Amino acid sequence: PPARRERPQCKRIQQKPEHKRMKRVIGIGNALTDMLVNLKTDSVLGRFKLAKGSMSLVDTRLQTEISKSVAGLPYSLSLGGSAGNTIRAMAQLGCSVGFIGKVGPDTTGDFFVQALDNLGIEPIIFRGRERSGKCVSLISADGERTMVTHLGAALELSAGEIEPSIFEGYDCLYVEGYLVQNHDLILKAARTAKKCGLKVAIDLASFNIVAENLRGLVSEHVDIVFANEDEAKTFTCEAEPLNALQAISQMCELAVVKIGTKGALIKQGEEVVHVGIMAAAKRVDTTGAGDFYAAGFLAGLCDGLSLRQCGTIGAITAGKVIEVVGTTFGEEAWADIHRLVNKVKNEKYLF
């Protein structure tokens, strides 16, 4: 059973959508722990034939060999995974959030659950048989990250484990696109959440694996879609971002298409907004930028803010995460984010 408190089965409540305000968000995704290792040289990359800056899915044997080869070097552990990043950032922004995932019967799994709890994130965490999923990030001296990922127990999360009681008290389910290989799981989660009265948001990362299946899912069960320019183009077969935005908006209530350094296009109903980016002091590592954009945007929705305000907060959180290696900030950076977000809420800082 998952490490979580028991709650009664949810009841479907008939509510008018226009009066329903999103307050609490629960995410579902691959439960991964990031192990960030600071390399002195890139010799380990050559030894294991790892392309610098790449991300490789490996088995546990190879990941263990690589980990042993860097033993003794400085490292740190943090929560990882796409939805994990988004939910963690939302918690830091003061939102009420939870996370659904699966870890192994090991100390890495214990760390993941405890880290969620420490951040005030409700852990709906199941225990699998395999080792916990882990991403070993080898950080070169120039800041480039080479990632070696073993999904492990994260892949064991199944549709049969998704029950209505999980969603009691929540208003929105956030689904990471990297779960798309398990279509039954995503479909069960989305259907169950909708029956419990939740909105469903999804990031289209890696959707192209089963694009046709995901199009049906979005049209039937999803309310909010996040996509970058390439994902939107492939998903809709529209070359122009604005046309892709229009096509996605016909499938859901709210569509967001991120267009890199040009910002983002947002459409809800007849309202279309273009929001720019926040210029980063230094562009160190773009890993997690999309996850943190979603976090800022959803946090704005939880506060009932306008589309432009939501997009601006997303730009702030995305702009900050690319200034650091990894996705973990210090207190000073979060204090600066909160300062900027408060200005957005008072409409004194909008892009």
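Residues numbered from 1 in each chain as written. Predicted model: local features only at pLDDT ≥ 70, side-chain atom pairs only at ≥ 80, totals over all residues. Heavy atoms only, no water.

Details of the packing of aromatic side chains
One pass over the structure, following the stated rule, counts six aromatic pairs. Arranged with centres 6.5 Å apart and planes meeting at 70°, the rings of Y174 and F226 form a pair that is edge-to-face. Of this pair, Y174 sits in strand 9 (residues 172-175) while F226 is found in strand 11 (residues 224-228), placing the two residues 52 residues apart along the sequence. Each member of the aromatic cluster is reached from another via a ring pair, and the members are Y174, F226, Y293 and F297. The lysine or arginine in question, R24, covers the ring of Y170, its NZ or CZ lying 4.2 Å from the ring centre. A cation over an aromatic ring shows up here: R215 above the ring of F235, its NZ or CZ 5.5 Å from the ring centre. (Phe/Tyr/Trp six-rings, centres within 6.5 Å; stacked < 30°, edge-to-face > 60°. Helix = DSSP H or I, 4+ residues; strand = E, 2+ residues; numbered from the N terminus. Lys NZ or Arg CZ within 6 Å of the ring centre and 35° of its normal.)

Structural notes on the state of the cysteines
A full pass over the atoms with the stated rule returns zero disulfides. Free cysteine C310: the closest other cysteine sulfur is in C302, separated by 9.0 Å. (Disulfide = S-S within 2.5 Å.)

Notes on the confidence of the model for the chain
Do not read the fine detail of predicted coordinates wherever pLDDT is low. Per-residue confidence for the chain averages 88 on the pLDDT scale, and 89% of its residues sit at or above 70. Predicted confidence is poor over residues 5-9, with pLDDT under 50, and the contacts of this stretch with residues over four places away or in other chains come to 13 contacts. Low confidence marks residues 11-19, where pLDDT is under 50. Its contacts with residues over four positions away, or in another chain, come to three contacts. (pLDDT = per-residue confidence, 0-100. Contact = heavy atoms within 4.5 Å.)

With respect to the pairing of strand 8 (residues 145-150)
With six of six residues buried, strand 8 is to be regarded as a mostly interior element. Strand direction decides the pairing type here: strand 7 (residues 133-139) and strand 8, joined by six bridges, are antiparallel. Among the inter-strand pairings, K134 is bridged to a residue of strand 8, identified as H150. Here strand 7 folds back onto strand 8 in antiparallel fashion, the turn holding five residues, of which G143 has a positive phi close to 95°. (Buried < 20%, exposed > 50% of the residue type's maximum accessible area, 1.4 Å probe, protein only. Pairing = 2+ DSSP bridges.)

Here's the deal with the pairing of strand 2 (residues 32-38)
With six of seven residues buried, strand 2 lies mostly within the body of the structure. In the sheet, strand 2 pairs with strand 4 (residues 75-80) via six bridges, with the strands oriented antiparallel. Counted as the bridge partner of T33 is L79 from strand 4. As paired elements, strand 2 and strand 7 share seven bridges and run parallel to each other. Residue pairing in the sheet places L32 in a bridge with G133 of strand 7.

Regarding helix 3 (residues 82-92)
Counting buried residues along helix 3, ten of its eleven residues qualify, which places the element largely inside the surrounding structure. All buried positions along helix 3 are accounted for by S82, A83, G84, N85, T86, I87, R88, A89, M90 and A91. For helix 3, the elements touching its buried residues are strand 1 (24-28), strand 4, strand 5 (96-103), strand 9, helix 9 (289-302) and helix 11 (331-345).

Structural notes on the sheet that holds strand 3 (residues 55-57)
Pairing between the strands of a sheet comes from backbone hydrogen bonds, and it takes one of two forms, parallel or antiparallel. Read from one edge of the open sheet, five strands run 3-8-7-2-4, paired in mixed fashion. One side of each edge strand has no neighbouring strand; the edge strands of this open sheet are strand 3 and strand 4. Between one strand and the next, the sheet's axes are offset by a mean angle of 20°, whatever the strand orientation. Lying over the sheet, helix 4 (residues 107-118) contacts strand 2, strand 4 and strand 7, oriented at roughly 65° with respect to strand 4. (Axes fitted to C-alpha atoms, helices over the stretch in contact; angles between N-to-C directions.)

A few points about the sheet that holds strand 11
The strand order 6-5-1-9-10-11-12-13-14 describes an open sheet built from nine strands, whose pairing is mixed. Every interior strand has two partners, whereas the edge strands, strand 6 (122-127) and strand 14 (271-275), have only one. Strand-to-strand twist across the sheet, computed as the mean angle between neighbouring axes with direction ignored, equals 15°. Its contacts with the sheet put helix 3 on strand 1, strand 5 and strand 9, and the angle it makes with strand 5 is roughly 150°. On the sheet, helix 10 (residues 307-321) packs against strand 12 (254-258), strand 13 (264-268) and strand 14 and is oriented at approximately 30° with respect to strand 14.

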